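Notes for the structure review
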Number of protein chains: 2
Amino acid sequence: VQHLLTRKHNPHYLRSVSFDTRLLTLYTDPGAMMSQIDCLIIAIPSAYVKASLQSLTSENLKGKFVLSAVKGILPDENMLLNEYLAHVYDFPLQQYCAVMGPCHAEEVAGEKLSYLTFSGLDEALASQIAAAFSCDYLNSIVNTDVIGVQYAAVLKNIYALGAGIAHGLEYGDNFLSVLIANSADEMAGFLRKVGIQHIEVGVHDSAAPVGKFHRKSPNYAASVYLGDLLVTCYSPFSRNRSFGNMIGKGYSVRSAQLEMNMVAEGYNASRCIYMLNQQIAAEMPIAEAVYRILWENVKPADGMKQIESTLV
Amino acid sequence: VQHLLTRKHNPHYLRSVSFDTRLLTLYTDPGAMMSQIDCLIIAIPSAYVKASLQSLTSENLKGKFVLSAVKGILPDENMLLNEYLAHVYDFPLQQYCAVMGPCHAEEVAGEKLSYLTFSGLDEALASQIAAAFSCDYLNSIVNTDVIGVQYAAVLKNIYALGAGIAHGLEYGDNFLSVLIANSADEMAGFLRKVGIQHIEVGVHDSAAPVGKFHRKSPNYAASVYLGDLLVTCYSPFSRNRSFGNMIGKGYSVRSAQLEMNMVAEGYNASRCIYMLNQQIAAEMPIAEAVYRILWENVKPADGMKQIESTLV
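These numbers come from a predicted model, not from an experiment.

Some remarks on the overall build of chain A
- For chain A, the helix and strand inventory stands at 15 helices and seven strands.
- Across its three principal axes, chain A shows a C-alpha extent of roughly 55 × 55 × 40 Å.
- Here chain A holds 312 residues, and the buried ones make up 51% of them.
- A separation threshold of at least 6 residues defines the contact pool for chain A, and within that pool the share at least 24 residues apart is 67%.

Side note on the interface of chain B and chain A
- Tallying the contact residues gives 36 residues for chain B and 36 residues for chain A.
- Between chain B and chain A, the buried area comes to about 3000 Å², and carbon and sulfur atoms account for 59% of it.
- Of all residues in chain B, the largest losses of buried area upon contact with chain A belong to Tyr115(B), Asn174(B) and Val312(B), amounting jointly to 20% of the total for that side.
- Every element with two or more residues in the side of chain B that touches chain A is listed here: α6 (105-109), β4 (114-120), β5 (138-143), α9 (173-194) and α10 (223-234) of chain B.
- For the side of chain B that touches chain A, the leading source of residues is α9(B), giving ten residues.

Structural notes on the packing of helix α13 (residues 265-280) of chain A against helix α14 (residues 285-295) of chain A
Residues and elements named next belong to chain A.
- Packing of α13 against α14 leaves a shortest axis separation of 9 Å and a crossing angle of 120°. Between α13 and α14, the angle falls in the class oblique. Considering only the axes of α13 and α14, their crossing is left-handed. Contacts between α13 and α14 pair Tyr267, Asn268, Ser270, Arg271, Tyr274 and Asn277 from the former with Glu288, Val290, Tyr291, Arg292, Leu294 and Trp295 from the latter.
- Residues belonging to the contact of α13 with α14 are distributed by class as follows: six nonpolar, three polar and three charged.

Points about the state of the cysteines
- On inspection of all chains with the given rule, the structure shows zero disulfides over all chains.
- Cysteine Cys233(A) shares no disulfide, and the gap to the nearest cysteine sulfur, in Cys233(B), comes to 15 Å.

A look at the side chain of Arg241(B)
All names here are of chain B.
- Structurally, arginine 241 is set in helix α11 (residues 239-248).
- Although arginine 241 is buried, it forms no salt bridge, and the closest oppositely charged side chain is aspartate 173 at an N-O distance of 6.2 Å.
- In this view, arginine 241 contacts Ala160, Gly164, His167, Leu176, Thr232, Cys233, Tyr234 and Ser235; residues no more than four positions away in its chain are not counted.

What about the packing of aromatic side chains?
- For the structure shown, the criterion picks out 18 aromatic pairs over all chains.
- Both rings, one in Tyr267(A) and one in Trp295(A), keep their centres 4.5 Å apart while their planes meet at 10°; by these two values the pair is stacked. Remark: Trp295(A) occurs in helix α14 and Tyr267(A) occurs in helix α13; sequence separation between them is 28 residues.
- When the ring of Tyr220(B) is compared with that of Tyr225(B), the centres are 5.0 Å apart and the planes differ by 75°; the resulting orientation is edge-to-face.
- The exposure class of Tyr220(B) is buried, given its relative accessible area of 15%.
- Using a relative accessible area of 1% as the deciding quantity, one classes Tyr225(B) as buried.
- A cation over a ring is seen here: Arg271(A) above Trp295(A), with NZ or CZ 4.9 Å from the ring centre.

Focus: the packing of helix α9 (residues 173-194) of chain A against α13(A)
All names here are of chain A.
- At a closest axis distance of 11 Å, the pairing of α9 and α13 adopts a crossing angle of 60°. The angle between α9 and α13 falls in the class oblique. Seen along the crossing, α9 lies across α13 with a hand that is left-handed. Contacts between α9 and α13 involve Phe190, Lys193 and Val194 from the first element and Ile273, Leu276, Asn277 and Ile280 from the second.
- Grouping the constituent residues of the contact of α9 with α13 by class yields five nonpolar, one polar and one charged.

Re the environment of Val263(B)
Residues and elements named next belong to chain B.
- Residue position: valine 263 is located in the loop between α12 (253-260) and α13 (265-280).
- For the pair valine 263 and leucine 81, spaced 182 residues apart in sequence, the C-alpha to C-alpha distance is 19 Å.
- Setting aside anything within four residues of it in sequence, one finds valine 263 in contact with Gln257 and Asn268.

Focus on the sheet that holds strand β1 (residues 39-42) of chain A
Residues and elements named next belong to chain A.
- Strand order in this open sheet of five strands is β1-β2-β3-β4-β5, and the pairing throughout is mixed. Every other strand in the sheet has two partners, leaving β1 and β5 (138-143) as the edge strands with one partner each. The sheet shows a mean angle of 20° between the axes of neighbouring strands, direction not considered.
- Direction of pairing for strand β2 (residues 65-68) relative to strand β3 (residues 96-100): parallel, over a ladder of three bridges. Of the residues in β3, the one forming a bridge with valine 66 is tyrosine 96.

A word on the pattern of salt bridges
- A full pass over the atoms with the stated rule returns 18 salt bridges over all chains.
- As a salt-bridge pair, Asp20(B) and Arg22(B) come within 3.0 Å of each other at their nearest N and O atoms.
- Here Glu308(B) makes a salt bridge to Lys305(B), at a shortest N to O gap of 3.2 Å. Placement of the pair is Glu308(B) and Lys305(B) together in helix α15 (residues 300-308), with a separation of three residues, close to one helical turn.
- With relative accessibility at 10%, the residue Glu308(B) sits in the buried group.
- Taking the relative accessible area as the measure of exposure, Lys305(B) reaches 51% and is therefore exposed.
- Members of the salt-bridge network, linked through shared partners, are Lys50(A), Asp76(A) and Glu77(A).

A few points about unusual backbone geometry
- If you check the backbone angles, Leu14(A) has positive phi at about 45° while not being a glycine.
- Its place among the elements puts Leu14(A) in the loop between α1 (2-7) and α2 (30-33).
- In this model, Asn297(B) sits at a positive phi of 60°, which is unusual for a non-glycine residue.
- In this structure Asn297(B) comes out as exposed when scored by relative accessible area, which is 74%.

Brief notes about the relation of the copies chain B and chain A
- Turning chain B through 180° and shifting it by 0.0 Å along the axis lays it on chain A, with an RMSD of 0.0 Å. Both chain copies can therefore be described as sitting about a two-fold axis. It is Tyr234(B) whose C-alpha, among those of chain B, lies nearest the rotation axis, at 3.9 Å.
- Mapped onto chain A, 100% of the interface residues of chain B are again interface residues, and the two copies thus contact each other with one and the same surface.

Focus: the confidence of the model for chain A
All names here are of chain A.
- In the predicted model, chain A carries a mean pLDDT of 90, and the fraction of residues at 70 or more is 93%.
- Looking across chain A, the model is least confident in strand β6 (residues 200-204), with a mean pLDDT of 37, and most confident in α14, with 98.
- This model gives residues 196-215 a pLDDT under 50, and the stretch forms 40 contacts once residues within four places in sequence are excluded.
- Under the prediction, the complex receives an ipTM of 0.88, its pTM being 0.90.

Rules and cut-offs
Throughout, residues of each chain are indexed from 1 in the direction in which the sequence is written. Chain A is the first chain written and ligand 1 is the first ligand written, with later ones labelled in order. Given that the model is predicted, a residue must reach a pLDDT of at least 70 before its local features are reported, and side-chain atom pairs must reach 80 or more before they are shown or counted; all residues, however, enter totals for whole chains, interfaces and linings. The side-chain values count all of the structure's non-hydrogen atoms but skip hydrogen atoms and water molecules. Counting from the N terminus, the helices are the DSSP runs of H or I reaching at least four residues and the strands are the DSSP runs of E reaching at least two. Each residue's exposure class comes from its accessible area (1.4 Å probe, protein chains only) as a fraction of the maximum for that residue type: buried when under 20%, exposed when over 50%, partly exposed otherwise. Throughout, a residue-residue contact means that at least one pair of heavy atoms, one from each residue, lies within 4.5 Å. Two parts placed together each lose some accessible area; with a 1.4 Å probe, that loss summed over both constitutes the buried area. Between N-to-C directions, angles cover 0 to 180 degrees, with each direction set by a line fitted to C-alpha atoms, over the stretch in contact for helices. Here roughly perpendicular refers to angles of 65 to 115 degrees, roughly parallel to angles under 35, roughly antiparallel to angles over 145, and oblique to all remaining angles. If you view the pair so one helix is near and one far, a crossing is left-handed when the near helix is turned anticlockwise from the far one by less than a right angle, and right-handed when it is turned clockwise. Any residue outside Ala, Val, Leu, Ile, Met, Phe, Trp, Tyr, Cys, Pro, Asp, Glu, Lys and Arg is labelled polar, Gly included; the first ten of those are nonpolar and the last four are charged. Cysteine sulfur pairs qualify as disulfides if the two atoms are within 2.5 Å. Neither His nor the chain ends is counted toward charge; the positive residues are Lys and Arg and the negative residues Asp and Glu. Salt bridges, as used here, are contacts in which a Lys or Arg side-chain nitrogen is within 4 Å of a carboxyl oxygen on Asp or Glu. Between rings of Phe, Tyr and Trp, where Trp is taken as its six-membered ring, a pair exists when centres lie within 6.5 Å; planes separated by under 30 degrees are stacked, by over 60 edge-to-face, and by other angles tilted. Sitting over a ring, as applied to charges here, requires NZ of Lys or CZ of Arg to be within 6 Å of the ring centre and within 35 degrees of the ring normal. Only when DSSP finds a minimum of two bridges between them are two strands counted as paired. Only residues with pLDDT of at least 70 in both copies count here: their C-alpha atoms drive the least-squares fit that superposes the copies. Values of pLDDT, ranging from 0 to 100, describe the predictor's confidence in every residue of the model.

Given below as structure tokens:
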């Protein structure tokens, strides 16, 4: 906070972006700011959410809205943020939205047109929050598949790891496109099964009376599902793809972590999803191969070989 | 032919690949070879098919099988190859298969694992042909959506042009992923409408009696649809993407053609599909924007701007 106030920029990320601090009220304790706000935006890497929210109480959150930009599962609890908030703070899903989509921060900061998807059970709330974010270079989309979009954001990191592993093993672009297309299909299969709320009401049905909306299942080719998967799998700057590439080249998980000085989100996610899928029982040969390579010492070449015959 | 016999390689493409000419019987006149073969594989750019097949007669083709690797629409007739063969030679669709999928030739020649999809109304025939191509580095897939896979191969070039135009206009990776995801969706919408035969019988239904197959609509996330779209849109070597990039940078169609010394397939395809879609009436804002930019002098920036609000 002190650095931001005196130097007007974040010392760690996107350092070239300056902030007008007259427009910011900065707190180090989230509990202290809660009385001042209506809507809490949580944008913290999933592994640090728990510690960062420690000073909050159920009372603090009462009547507030939460917008989550957290892309991952809380690792200790194996929970999405909405599940964690419900569990610890008794926070209702109806007051929760998630903002997801292919939105690399460098490009947003550079004012390159990007698309954000705001998902919530309460479509009116999601629309209201979406409107606050829309501007020249941000188009916003509203959907109600709040559980699905969060899992999509988790799964894409696992598939980017898989794409990285294949690249590291020197599979070519032909294979990579087959792998990523099949990953998109596998993701849709999981989301269809996991969703507790899979009804999209944002598409107007011209046959229905004015004001009524046509109910249909989510469009898994939309940007928040397929778009985000593509940008993550195809970007050479993606941490998950780079991490996978090192694994494919023969690095151990430990040495890849040391070399990159970070943990790729897909590493923990592959285990979370593997465990979750013991109940869901979706067909996930690609995600399972990534899990076995990272967590069960299966050789990358063997793990990848096993899925070759499952691809269509 | 003379060059191939004496120098053992093709002088124009993949020059480093040598052929064992003892295994090849070479003809310059397709009519002359027809009595020697059961299955004619046509692998000619669509613009040259008509001239190359000129010496053939209906009699030549009687009882033969045709396997098409032609990726495009015959420009003068605005027809797929099967339609042209039916029209000119009265050739039945039942004896026709198409081989498609993300299969850049350099990688196949380099023995990098690739996936080919063999599509035919007669699944047994498609399987038989597929088996003849399968080897260590070629996995084959059988499907029966013979019309759909051919249109998918045409459409992907239009969308790669669109991706190139967006890149040339300096849209970023976030936007590109949204555009390509929406292209996949638009393609599926067109294929659903255009298909005269959209029943895939290759998936076994465990609930059905043994030997019976479950009928379902094509899986548009499969490699022959989404995979081929991805490899074409994301490859910086794709001719269509490069051509689009030049258009986005402000080159005219004529000067982009001169500069590249070739016509990108997507250029003609955008017009063919635009005309075809006058009857089909699928929602195709992206393909239509590409058409208008290339054929109706719409400025690339304006054309792209128009589709921004249609993307989800």
